[in-house]
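Structural description and commentary
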Amino acid sequence: MHDAKAFRSMHKERFGAEPAIFVGPGRVNLIGEHTDYAEGFVMPAAINFATLAGISPRTDGKIAIYSENQGEEKVFDGVQAKGIKYWTDYPIGVVSILAGEGHKIPGFSLSIWSDVPLASGLSSSAALEVSTALAVLSLVGASYPGPVLARLCQRAENEFVGANCGIMDQFISLNAKADHALLLDCRDLTYKLAPIPDHVALVIANTMVKHSVAGGDYPTRRRESEAACAVIARHRPGVKFLRDCTLDDLKKSGNEMEPKSYLRAKHVISENLRTVAACDALLKGHMKELGRLMGDAHRSYSQDFEGSCVEADAMVALAQDLPGLIGARLTGGGFGGCTINLVEQTEAAGFAEKLGARYAQKIGITPQIHICHASGGAHRLE
Ligand code: GLA
């Protein structure tokens, strides 16, 4: 966990000024994968892994960014128009988008530290964008409603970093509530909070296989599913996103699609139904039903969307008969990263231990397994 005191002294020592510190949490998605950019539904929760961003003004107009994780400081001559394909693109992208919104950005020093595992499907990127955005906004004396700021951070990732992500990660990092999951309608950004009962732990199991949203597979899947939507739209002109489509539409025009597109769309359309049903189950305390929906979601993600990998499928399979399991699936952008396991709190420690041992034996990699809880959204650290 972060040590804010040490972080504060580190910033002071490096930049000679007291920082204002902001926290942006990572997230785990309970269900609703690759549905956000199709204007569908997702149900994530923020987790107790986060990025800290400490900011102080400077008088030379420069923007200095130090990352404790990268062990590197980079200095820029003010706002930049384009990314340089480097870790600094995330914070600099946020600055660029805020400048584009009319904010006059003064020089500043920014320190960054994070314990959100990188490239593991837990939204380290969004945690960095969101904490940076709050830091820079504090400097210019401005603020935005959470949903609006989430869009700006998403734009930083889409337009500056060049990763074609949806809105889920930035939205949950900003708008999460402790001990709750959040069902987000990615069409109008309205949401419903669902309490996660005390007796349920979020056990996050890292396959240690790296995933990337900017890399090839994520945009390919996105294109394939959007191609299916375009075919359906030829028959139903009102259709703009897979959110607008039904399984019946798919049945009717499926034979006009590439087989891969058909399968991707089948996942997205059915995932939207499962996600809404999962929120309902959580609200009613029907944990068995929630677990069943998570299992179906994993099968659909793995078999139809082909968004999983051997290691993640193994991690899900190896969890099935362990005591305390409610539901397990691969979480996040796919092709590696982490699985989310809802587990009875009393069994969580044993579950984590056994799952880790089973995975190490089967795959030959020691996984990191974290027993997490749903945390609150991004905020200033007092
Ligand atoms: C990544 C993206 C999100 C979302 C998920 C898949 O986390 O950043 O916008 O598309 O993948 O559900």
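This one's a predicted model, so the numbers in the text were calculated from it and none came from an experiment.

Calculation notes
- Residues numbered from 1 in each chain as written.
- Predicted model: local features only at pLDDT ≥ 70, side-chain atom pairs only at ≥ 80, totals over all residues.
- Heavy atoms only, no water.
- Helix = DSSP H or I, 4+ residues; strand = E, 2+ residues; numbered from the N terminus.
- Pairing = 2+ DSSP bridges.
- Axes fitted to C-alpha atoms, helices over the stretch in contact; angles between N-to-C directions.
- Buried < 20%, exposed > 50% of the residue type's maximum accessible area, 1.4 Å probe, protein only.
- UniProt positions renumbered as here; feature names shortened; annotations may be inferred.
- Core = buried A, V, L, I, M, F, W, Y, C linked by side-chain atoms within 4.5 Å.
- Contact = heavy atoms within 4.5 Å.
- Parallel < 35°, antiparallel > 145°, perpendicular 65-115°, else oblique.
- Left-handed = near helix turned anticlockwise from the far one by under 90°.
- Nonpolar A, V, L, I, M, F, W, Y, C, P; charged D, E, K, R; others polar.
- Near = heavy atom within 4 Å.
- Polar contact = N/O pair within 3.5 Å; in protein donor to acceptor, adjacent residues only side chain to side chain.
- Areas by Shrake-Rupley, 256 points an atom, 1.4 Å probe, with all protein chains shown as cover.

Even without being a glycine, aspartate 179 presents a positive backbone phi close to 65°. Among the secondary structure elements, aspartate 179 is positioned in the loop between α5 (168-175) and β6 (180-185). Of note in the backbone geometry, glutamate 306 takes a positive phi value of approximately 45° without being a glycine. Note on placement: glutamate 306 falls in the loop between α9 (287-304) and α10 (310-319).

On to the sheet that holds strand β8 (residues 200-206). Spatially, β9-β10-β8-β11 is the arrangement adopted by the 4 strands of the open sheet, whose pairing is antiparallel. On the outer flanks of this sheet lie β9 (325-330) and β11 (368-372), each paired with one strand and no other. The sheet shows a mean angle of 20° between the axes of neighbouring strands, taken without regard to direction. Of the pairings in the sheet, the one linking β8 to β11 comprises 5 bridges and is antiparallel in character.

Right, let's get into the pairing of β9. Regular strands place their side chains on alternate faces of the sheet. Counting buried residues along β9, 6 of its 6 residues qualify, which places the element largely inside the surrounding structure. Where β9 and strand β10 (residues 338-344) come together, 5 bridges link them in antiparallel fashion. Directly across from alanine 328, in β10, lies its bridge partner asparagine 341.

All right, on to the UniProt feature "domain: Galactokinase N-terminal" (unreviewed entry) in the chain then. Feature annotation in UniProt assigns "domain: Galactokinase N-terminal" (unreviewed entry) to the following positions: residues 11-57. The annotated region residues 11-57 carries 11% helix and 62% strand content, and the separation between its end C-alpha atoms amounts to 12 Å.

Attention now goes to the nonpolar core. Formed by 43 residues in total, the largest nonpolar core has its most connected members in Ile55, Phe108, Leu110, Leu149 and Leu184. Looking at which element gives the most residues to this core, the answer is helix α3 (residues 124-140), with 7 residues. For leucine 149, the residues in contact, after removing those within four places along its chain, are Ala133, Leu134, Leu137, Tyr144 and Leu174. Ile31, Phe41, Ala194 and Cys372 belong to the second largest nonpolar core, which has 33 residues in total.

One can describe the packing of helix α2 (residues 89-100) onto α3 by two numbers: an axis separation of 9 Å at closest approach and a directional angle of 45°. The pairing of α2 with α3 is recorded here as oblique in orientation. Considering only the axes of α2 and α3, their crossing is right-handed. Of α3, the residues touching α2 (which contributes Tyr90, Pro91, Val94, Val95 and Leu98) are Ser125, Leu128, Glu129, Thr132, Ala133, Val136 and Leu137. Broken down by class, the residue content of the contact of α2 with α3 amounts to 9 nonpolar, 2 polar and 1 charged.

Residues in contact with the ligand amount to 14 residues; listed here are only the nearest, Glu33, His34, Asp36, Asp169 and Tyr218. Glutamate 33 places a polar side-chain atom, nitrogen or oxygen, 2.7 Å from an oxygen atom of the ligand. One nitrogen or oxygen atom from the side chain of tyrosine 218 is found 2.5 Å from an oxygen atom belonging to the ligand. Protein contact buries 98% of the 310 Å² of open area that the ligand shows by itself.

A word on the side chain of serine 173. Mapped onto the secondary structure, serine 173 falls in helix α5. Judged by its relative accessible area of 1%, serine 173 falls in the buried class.

Further remarks concern the UniProt feature "domain: GHMP kinase N-terminal" (unreviewed entry) in the chain. Taking the numbering used here, the UniProt-annotated feature "domain: GHMP kinase N-terminal" (unreviewed entry) corresponds to residues 93-174. This span, residues 93-174, is 59% helix and 9% strand, and a straight line between its end C-alpha atoms measures 17 Å.

Turning our eyes to something else, we now look at the pairing of strand β5 (residues 108-114). Burial of β5 is extensive: 7 of the 7 residues sit out of reach of the surface. What you see with β5 is no split at all: Phe108, Leu110, Ile112 and Ser114 on one side and Ser109, Ser111 and Trp113 on the other are buried throughout. Relative to β5, strand β2 (residues 41-57) runs antiparallel, the two being bridged by 7 bridges. Following the sheet pairing, isoleucine 55 is matched in β5 by leucine 110. Where strand β3 (residues 63-67) lies against β5, 5 bridges are found, and the strand directions are parallel. Its bridge partner being in β5, isoleucine 63 is matched across the sheet by phenylalanine 108.

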